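Tertiary structure, described
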Amino acid sequence: MQQKDVLPMKPETEADKRLAAKPVITGSEAVIRSLIAEGVDTIFGYPGGAIMPIYDALYDFQDQVHHILVRHEQGATHAAQGYARSSGKVGVAFATSGPGATNLVTGLADAYMDSTPMVCITGQVAAALLGTDAFQETDVIGITMPITKWNIQVTRQEDIPGAIAKAFYIARSGRPGPVLVDITKNAQAGTCEFEYKKCEFIRSYQPVPELNPEAVTAAAALINSAKKPYIFCGHGVLLSGAENELIQLAEKAQIPVASTLLGLSAVPVDHPLYGGLLGMHGNYAPNMLTCECDLVIAVGMRFDDRVTGDVSTFVSQAKVIHIEIDAAEIDKIIKADVAIHADAKTALEALTQLVMPARHDAWLEEFKFGHEKEYDKVQKRELYPEEGQIKMAETVRLISEKTNGEAILVTDVGQHQMIASRYYRFKNPNTNITSGGMGTMGFSVPAAMGAKMGAPEKTVVAVVGDGCFQMTLQELGTIYQSQIGVKMVILNNNFLGMVRQWQQLFFDKRYSSTEMVNPDFIQIAKGFFIPGKKVTAREDLAAAIDEMLATDGAYLLEVVVEQEDNVFPMVPAGAPVSTIRLE
Amino acid sequence: MQKEYTVTVYTEDRIGITNRITIIFTRRGINITSLTTAETEIPGVYKFVITVMSTREKLDKVVGQIERLIEIHRAFVHEEDEVVYQELALYKIATKNLTTAGDVEKLIRENNARILTITADYFVIEKTGHQQELTDFIKKLEPYGLIEYTKSGRVAIVKWSRRFHEHLKELDKSIASY
Ligand SMILES: Cc1ncc(C[n+]2csc(CCOP(=O)(O)OP(=O)(O)O)c2C)c(N)n1
């Protein structure tokens, strides 16, 4: 992930002139100047007592750094995640000590699970007060230790540039992840000489392992002798920018590719070798055929239990090649016959050279049969219903058609997430942004906001459930204030739908606390000066989507959908994927 | 199969590193039975020696997750026969029992222990060895009336560790020239 180097700058503004010298500055100014040196131009945050000096310093750099005032610090982290995922840069969030810092926890954990590069900067009470239960003191380092790739508390101003340099290096290198830098108030206020040196080396950290040519040779031999090879495409493919390399390998040896939830959009949905979505609510053929293949080439994915179901039966008949940058993932869940511990792009490039051109027509046909079966049993009536209430899937189909598969799709968590992931026809890499590993409700509205800031030229559509929307709807205020043109589509079933589905299927229809009495969402949007429309009839749906996409700026579309709709196919939790149910 | 293993971890000197390491054991529900740490011969590099009851399979994964931490150089799981190790115990005994209970001097000599200090009230005996020997010695001291017993964690040298230490020294040079 390349960062553009912002220094040196044209000495035009007051702030620029000050940057040209090597002056003695406050720790707070050092924070801002360090961020600028890392190419940061957008920060999501929320001020407070312990971070006020940093906000004060920010005031002088408004022409270089754009600060987005969110309405809740959780929103700042999700926005930073969305920004990182759409732009390929590191997302940055600010929060004050105590409650500000604890509000970051969900977003940090989410970014950690989904390997999103993010740097969070929190204010902290003065070093002299640390450990005394001072006002708004919390042990944010202790709290975030298990959910950050790295964190550090800085108590001396002269350590600020070094800590921030390290933070960015760690956040974006190797398997990316979130980093937290906690800076005490005295360090923010104290002065020091400023010099910024980017970090490129930490002696105990090897972000990109060296490619082992023997492993590549062994993997190529397995591929060359396989009858039914099968590629699993994970998030690592997108993180290393290996989409083309993956497609080249697939095309050269005619290997079908299935995607994990976070691997979506790496391979265009209409690619002839694209086999569909893996996992609990993935497609029928790609799940069933994990039981048929004789070789799996798993690239940048970690065999999450939502993908494997019962691990003891998952791909047990096949050999496994695992390409993975994080050594801890290798053999963690599934034992690899050949492990290539490397960056996906480097590994795929090397592998493709050694792989022989091949054809696997009969094997590829098997996917077609599976797709036809799923289409007949599930998709036809989901995508093209003729009567009854509007379905989630047809709404997603229309959004997909009308954006030509080119929008950035940001989804929240629940039935609508699975439906959107199943039916949106992704065309370009990094256009699927969702909370995979954590499954954090409330993710999509702030993440979409961030995604739009990271890729302003793209249409960004958030698909959100009525429950999820109410977890972070306060960010409508941010969207209005900062004029962020995100499109939001609430698929309203008046239920916490995904939980209700489980209650229906596995808890004897006892709908315990899943029914939602909802507010007037359009009225709420109106309160935030965001236009919107509520649609209940099928015949109005297409026009409403057109209107949403044609509107300049933000828009909220509420679609009242079938209440007790279910997402199929489905692999029951912990069951073998072969037990996938179509109804 | 669950048994006792020694885990060694080489780390940078960093506040909170112990916590970072131990929470990885905690997450997998593994109980740490002893933990010792000290600086190695390479300045700034620390070695943790951790003993746990667990299975090899689980520990191999734990070690992978430990190595993922930024400040960790390497982590290893060792079988019993791969390490030379010692633990150190101190035993405190009331002085007034010395004359009445038997030949303590002989007991100390036979068990390769030594007396560290003697006061009017108590004396302190030190013994190094493996866990079992150290607890066995408690029984032998019982007739004298043991007031207090305390034991260190394990200190271990790995039989095949040379190559790794050379690697560390290389790193040390590379940072010096960086
Ligand atoms: C913060 C959080 N709380 C609870 C859950 C559990 N959960 C998963 S999906 C879901 C229902 C989501 O409902 P809604 O937003 O209405 O979407 P739907 O499933 O109806 O499409 C719940 C409660 C979660 N994932 N995250």
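This section reports on the structure supplied with the text. (Residues numbered from 1 in each chain as written. Chains lettered and ligands numbered in written order. Predicted model: local features only at pLDDT ≥ 70, side-chain atom pairs only at ≥ 80, totals over all residues. Heavy atoms only, no water.)

1. Here we look at the site of the ligand
All names here are of chain A. In the vicinity of the ligand lie 17 residues, with Gln415, His416, Gly439, Cys468 and Gly497 positioned nearest. One of the backbone nitrogen or oxygen atoms of Gln415 is found 2.8 Å away from an oxygen atom of the ligand. Interatomic distance of 2.8 Å between a backbone N/O atom of Gly497 and an oxygen atom of the ligand. Relative to its free-state accessible area of 590 Å², the ligand is covered by the protein chains to the extent of 76%. Listing elements by their share of the shell around the ligand, those giving two or more residues are α18 (415-423), α20 (466-472) and α22 (497-506). Of the residues assigned to the shell around the ligand, the class counts are eight nonpolar, eight polar and one charged. (Near = heavy atom within 4 Å. Polar contact = N/O pair within 3.5 Å; in protein donor to acceptor, adjacent residues only side chain to side chain. Areas by Shrake-Rupley, 256 points an atom, 1.4 Å probe, with all protein chains shown as cover. Helix = DSSP H or I, 4+ residues; strand = E, 2+ residues; numbered from the N terminus. Nonpolar A, V, L, I, M, F, W, Y, C, P; charged D, E, K, R; others polar.)

2. A short note on the pairing of strand β1 (residues 3-12) of chain B
All names here are of chain B. Taken across its ten residues, β1 has eight buried, putting it largely inside the fold. As judged from the ten bridges shared by β1 and strand β3 (residues 45-54), these two strands associate in the antiparallel manner. From the neighbouring strand, Val9 faces β3, where its bridge partner is Phe48. One ladder, built from six bridges, connects β1 with strand β4 (residues 72-78); its direction is antiparallel. Within β4, the position partnered with Tyr10 by the bridge is Arg74. (Buried < 20%, exposed > 50% of the residue type's maximum accessible area, 1.4 Å probe, protein only. Pairing = 2+ DSSP bridges.)

3. Considering the sheet that holds strand β3 (residues 66-69) of chain A
Residue and element names in this part refer to chain A. Sheet architecture is open: six strands sit in the order β3-β2-β4-β5-β7-β6, paired in parallel fashion. Each end of this open sheet is capped by a strand with a single partner; those strands are β3 and β6 (150-154). When strand polarity is set aside, the average angle formed by the axes of neighbouring strands in this sheet is 20°. Bridge analysis of β6 against strand β7 (residues 178-184) gives five bridges, and the strand direction is parallel. Residue Ile152 lies in a different strand from β7, and its bridge partner there is Val181. The sheet strands contacting helix α4 (residues 73-87) are β2 (42-45), β4 (91-95) and β5 (118-124), and the helix crosses β4 at an angle near 170°. Packing of helix α8 (residues 160-172) onto the sheet brings it into contact with β4, β5, β6 and β7, and relative to β6 it is tilted by some 170°. (Axes fitted to C-alpha atoms, helices over the stretch in contact; angles between N-to-C directions. Contact = heavy atoms within 4.5 Å.)

4. Remarks on the packing of α4 of chain A against helix α6 (residues 105-113) of chain A
Residue and element names in this part refer to chain A. Interaxial distance between α4 and α6 falls to 7 Å at its minimum, and their mutual angle equals 25°. Compared by their axis directions, α4 and α6 come out roughly parallel. Taking contact as the criterion, the partners of Gln74, Thr77, His78 and Gln81 in α4 are, on α6, Thr106, Gly107, Leu108, Asp110 and Ala111. Looking at the contact of α4 with α6 residue by residue, the class counts come to two nonpolar, six polar and one charged. (Parallel < 35°, antiparallel > 145°, perpendicular 65-115°, else oblique.)

5. Some details on the pattern of salt bridges
Side-chain pairing between opposite charges can occur once the charged atoms of the two side chains come close. The tally for this structure, following the rule as stated, stands at 45 salt bridges over all chains. When salt bridges that share partners are traced, they join Arg175, Asp326, Glu329 and Lys332 of chain A together with Arg68 of chain B into one network. (Salt bridge = Lys/Arg side-chain N within 4 Å of Asp/Glu carboxyl O.)

6. What about the sheet that holds β1 of chain B?
Backbone-to-backbone hydrogen bonds pair the strands of a sheet. The strands run either parallel or antiparallel. All names here are of chain B. Across the sheet, which stays open at both edges, the four strands sit in the order β2-β3-β1-β4 with antiparallel pairing between neighbours. In the strand order of this sheet, the two ends are held by β2 (32-39) and β4, each with one partner. Across the sheet, the axes of successive neighbouring strands diverge by a mean angle of 15°, strand direction being ignored. Against the sheet, helix α1 (residues 17-27) engages β1, β2, β3 and β4, with an angle of about 20° to β3.

7. Topic: the nonpolar core
Residue and element names in this part refer to chain A. Of all hydrophobic cores here, the largest spans 96 residues; its most connected members are Phe232, Ile321 and Ile340. Sort the elements by how many residues they give to this core and helix α10 (residues 213-225) lands first, with six residues. With near-sequence residues (within four places) excluded, Ile340 lies in contact with Leu211, Ala215, Val216, Ala219, Ile321, His322, Ile323, Glu324 and Ala347. The next biggest cluster of nonpolar side chains, apart from the first, holds 50 residues, and it includes Ile68, Leu104, Val445 and Phe469. (Core = buried A, V, L, I, M, F, W, Y, C linked by side-chain atoms within 4.5 Å.)

8. A closer look at the state of the cysteines
All names here are of chain A. Applying the stated criterion across every chain, the model contains zero disulfides over all chains. Left without a disulfide partner, Cys199 is nearest to the cysteine sulfur of Cys192, which lies 18 Å away. The thiol of Cys233 is not disulfide-bonded; the next cysteine sulfur, from Cys293, is found 16 Å away. According to the relative accessible area criterion, Cys233 is buried, its value standing at 0%. (Disulfide = S-S within 2.5 Å.)

9. Structural notes on the side chain of Thr8 of chain B
Residue and element names in this part refer to chain B. Mapped onto the fold, Thr8 is located in strand β1. Look at Thr8 and you get buried, because its relative accessible area is 0%. A distance of 2.7 Å separates polar atoms of two side chains, one belonging to Thr8 and the other to His78. With residues up to four places along the chain from it excluded, the contact list for Thr8 reads Lys47, Phe48, Val49, Arg74, Ala75, Phe76, His78 and Val158.

10. Description of α4 of chain A
The end-to-end C-alpha distance of α4 of chain A is 21 Å, a good match for the 21 Å that 15 residues give at a rise of 1.5 Å each. Most of α4 of chain A sits out of view: 14 of its 15 residues are buried. (Expected span 1.5 Å × (residues − 1).)

11. A short note on the interface of chain A and chain B
Across the contact, 21 residues belong to chain A and 23 residues belong to chain B. Taking both partners together, chain A and chain B bury about 1800 Å²; carbon and sulfur atoms supply 54% of that area. It is Met145, Arg203 and Ser204 of chain A that lose the most area in chain A upon contact with chain B, and together they represent 42% of the buried surface on that side. There are three salt bridges connecting chain A and chain B. Viewed at the interface, chain B and chain A are joined by nine residue pairs in polar contact (both at pLDDT 80 or more). At three residues, the largest contribution of residues to the side of chain A that touches chain B is made by β6 of chain A. (Buried area = accessible area lost by both parts, 1.4 Å probe.)

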